[in-house]
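Close look at the chain arrangement
Here is how the chains run, residue by residue.
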Amino acid sequence: MYKFRPILKSLLWGGEKIASYKQIDTDLTSVGESWELSGVEGSVSVVAEGPDAGMTLAGLIARDGAALLGRRNFERFGSEFPLLVKFIDARQDLSIQVHPDDRLAWERHRSKGKTEMWYVVAADEGAHLRSGFAKEVTPAQYEASVADDTITDLLADYAVRPGDVFFLPAGRVHSIGAGSFIAEIQQTSDITYRIYDFNRRDARGNTRELHTEQAKGAIDYTVLPDYRTRYEAAQNRPVELVACPYFTTTLYDLTEPLPLDLSATDSFVVVICLEGRGSVTDSSGTTLPLRQGETLLIPAATASLTLTPEQGLKLLTSRID
C-alpha cells in the first residue's frame, strides 16, 4: 500500500480549502487542484512514506508491473498509470470545456481521451456545476452561442450538495461551478478543449486560449433528461456509483470494520478518504492510518483489505475491471 505526496496546483480560479481539508501546510495560494495520484508526465506522483519513499509511481510500475497494476491493465496500459485522481476547489466558475474520446484523441494528439467522474465532497451555498446540453443544439448553434456569450444558456445547470455524483463520458460539455469542492477520477489524459472562459483575464490582462473549433468536432450533442448519477446511499456495504471501461468507482460509508475480498480483482485499487479517519489493513497484515483528504494505492497483488473506521469513515474506491 502506498501514500503519495500531493501535487498542488495554484490556478486562476482556485480557492483556499484544499490545504485545510487535507490538513497540510503550504505557502501556495489559490490552490485549485491537488493531484493525489498521477502518472501524467511532468506531474508524476512520488511515494510519501515507507521503504519506497521518494520513488515515483512510474518507478513502482517499472519494478512491479502486473503485480501493481494487474495483469490485464499491464497488458493494456504498459508503463502508464491509467487513472488520474484529484481534489478540485473552485472559487470561481471553471471554463466550459469538453474532452475528446479515445479515437479522436489518438487521431489528433496520439493520446488517450478523457472520461471522468465527479463526487461532490463539499459545496458552498449557491454552489453549482454544468453538465450536458439542456436542449437540442446543432454544431452551428453551439458555435454561435460561444461567439455571443450565451453558451451557458444551452447547458444543464445543477445546484449541488455533498454526495452528488456526475459521470462525464468523453464528449460531454461541462464546467465545475463556483463553490464546488470535488473529488475527480479520470482517465490519464490532460487534453482539454476550452470552449468558453467567461472572458476572464489573468493578472497581466490576457485571456486564456480557447479551442472552440476543435471542441465542435469532439462534442456529443445528445440531450439527456438528467445528467446526475442516481444512487441509493447505504452504510457498511459497497454502493457502486460508476462502472465503465475506464474505471469502476464504489462508495463506502462505514461505522464498523468491513473486509473486502480482492482475490478475484485483477486490478490495483485506489482508496480516497472523503471524510473521517480510520485505517486500512492488507492481506500481508500491514496497516496504514487513513484520514480525510488522503489517498492510497493498493497493488493488484493484494488479496484482501479490511477498512476500519474511527468515528465514521467515508471512502471512494476505484479500479479498472
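This text gives an overview of the structure that appears in the document. Along every chain, residues carry numbers that run from 1 in the direction the sequence is written. With the structure being a predicted model, the display of local features is reserved for residues of pLDDT at least 70 and the display and counting of side-chain atom pairs for 80 or more, all residues being used for whole-chain, interface and lining totals. Working from all heavy atoms in the structure, the side-chain values ignore hydrogens and water.

So, on to the nonpolar core. Counting 39 residues, the largest nonpolar core has Phe-81, Tyr-119, Leu-241, Leu-274, Leu-297 and Leu-316 as its most contacted members. Looking at this core element by element, the count peaks at four residues for strand β15 (residues 239-244). The contact partners of Leu-297, leaving out residues within four places of it in the chain, are Met-1, Tyr-2, Phe-4, Leu-37, Leu-57, Leu-68, Phe-81, Phe-268, Val-269 and Val-270. Here, the term nonpolar core denotes a set of buried Ala, Val, Leu, Ile, Met, Phe, Trp, Tyr and Cys residues that are joined through side-chain atoms within 4.5 Å. Note on exposure labels: buried denotes an accessible area under 20% of the residue type's maximum, exposed denotes more than 50%, and partly exposed covers the range between, all computed with a 1.4 Å probe on protein chains only. Among the nonpolar cores identified, the runner-up in size contains 36 residues, and Trp-13, Trp-118, Leu-155 and Ile-219 belong to it. A helix here means a DSSP run of H or I that spans at least four residues, while a strand means a run of E at least two residues long, and both kinds are numbered starting from the N terminus. Note on contacts: a residue pair is in contact if any heavy atoms of the two residues lie within 4.5 Å.

This paragraph deals with the environment of Gly-39. Tracing the chain through its elements places Gly-39 in strand β4 (residues 39-40). Given the relative accessible area of 25%, Gly-39 is considered partly exposed. When the C-alpha atoms of Gly-39 and Thr-188 are compared, they prove to be 7.1 Å apart, with 149 residues separating the residues in sequence. For Gly-39, the residues in contact, after removing those within four places along its chain, are Val-44, Leu-57 and Phe-81.

A few words on unusual backbone geometry. For Arg-110, which is not glycine, the phi torsion reads 55° and is therefore positive. Following the sequence through the fold, Arg-110 ends up in the loop between α5 (102-109) and β8 (116-123). By relative accessible area, Arg-110 is classed as exposed at 56%. Positive phi, normally seen in glycine, also occurs at Asn-236, with a value near 65°. Within the secondary structure, Asn-236 sits in the loop between α7 (212-218) and β15.

Moving on to the pattern of salt bridges. Opposite charge on two side chains permits them to pair, given that their charged atoms come into close proximity. Within this document, salt bridges are pairs made up of a side-chain nitrogen of Lys or Arg and a carboxyl oxygen of Asp or Glu, the two lying within 4 Å of each other. By the definition in use, this model includes 21 salt bridges. One salt bridge in this structure joins Arg-63 and Asp-52, with 2.9 Å as the shortest N-O distance. With a gap of 11 residues between them, Arg-63 in helix α2 (residues 57-64) and Asp-52 in the loop between β5 (43-44) and α2 connect regions that are remote in the sequence. Linked by salt bridges that have partners in common, Glu-33, Lys-86 and Glu-184 make up one network.

We now examine the sheet that holds strand β6 (residues 83-89). Pairing within the open sheet is antiparallel, and its six strands lie in the order β2-β3-β6-β13-β8-β11. Across the chains shown, the open sheet's two edge strands, defined by having one partner strand only, are β2 (7-15) and β11 (165-168). Within this sheet the neighbouring strands show an average axis-to-axis angle of 20°, counted without direction. When DSSP finds at least two bridges between two strands, those strands are taken to pair. Bridge count between β8 and strand β13 (residues 180-187): seven bridges; the pairing is antiparallel. Bridged to Val-120 within β13 is Ile-182. Between N-to-C directions, angles span 0 to 180 degrees; the directions come from axes that are lines fitted to C-alpha atoms, helices contributing only their stretch in contact.

In this fold, Leu-60 is placed in helix α2. In the structure, Leu-60 is positioned 13 residues away from Val-47 in sequence and 9.2 Å away in space, judged by C-alpha atoms. In this view, Leu-60 contacts Tyr-2, Phe-4, Val-47, Asp-52, Met-55, Gly-65 and Leu-68; residues no more than four positions away in its chain are not counted.

To continue, consider helix α6 (residues 139-147). Listed in full, the buried residues belonging to α6 are Tyr-142, Ser-145 and Val-146. With its buried residues spanning 100° around the axis, α6 presents them on a single face. The exposed set on the far side of α6, more than 90 degrees from its buried face, consists of Ala-140 and Ala-147. Residues of α6 that are buried sit in contact with β14 (193-196) and α7. Asp-149 occupies a position one or two residues after α6 and carries a positive phi of about 65°. Throughout, the arc means that of the directions going from the helix axis to the C-beta atoms.

This next bit is on the side chain of Ser-38. Structurally, Ser-38 is set in the loop between β3 (31-37) and β4. On the accessibility criterion, Ser-38 (0% relative accessible area) is buried. Any N or O atom pair separated by 3.5 Å or less is treated as a polar contact, with the protein-specific requirement of one donor-capable and one acceptor-capable atom, and with residues adjacent in sequence counted only for side-chain atom pairs. Side-chain polar atoms of Ser-38 contact the backbone oxygen of Ser-43, separated by 2.6 Å. Beyond its immediate sequence surroundings of up to four residues, Ser-38 is in contact with Ser-43, Val-44, Ser-45, Leu-57 and Leu-84.

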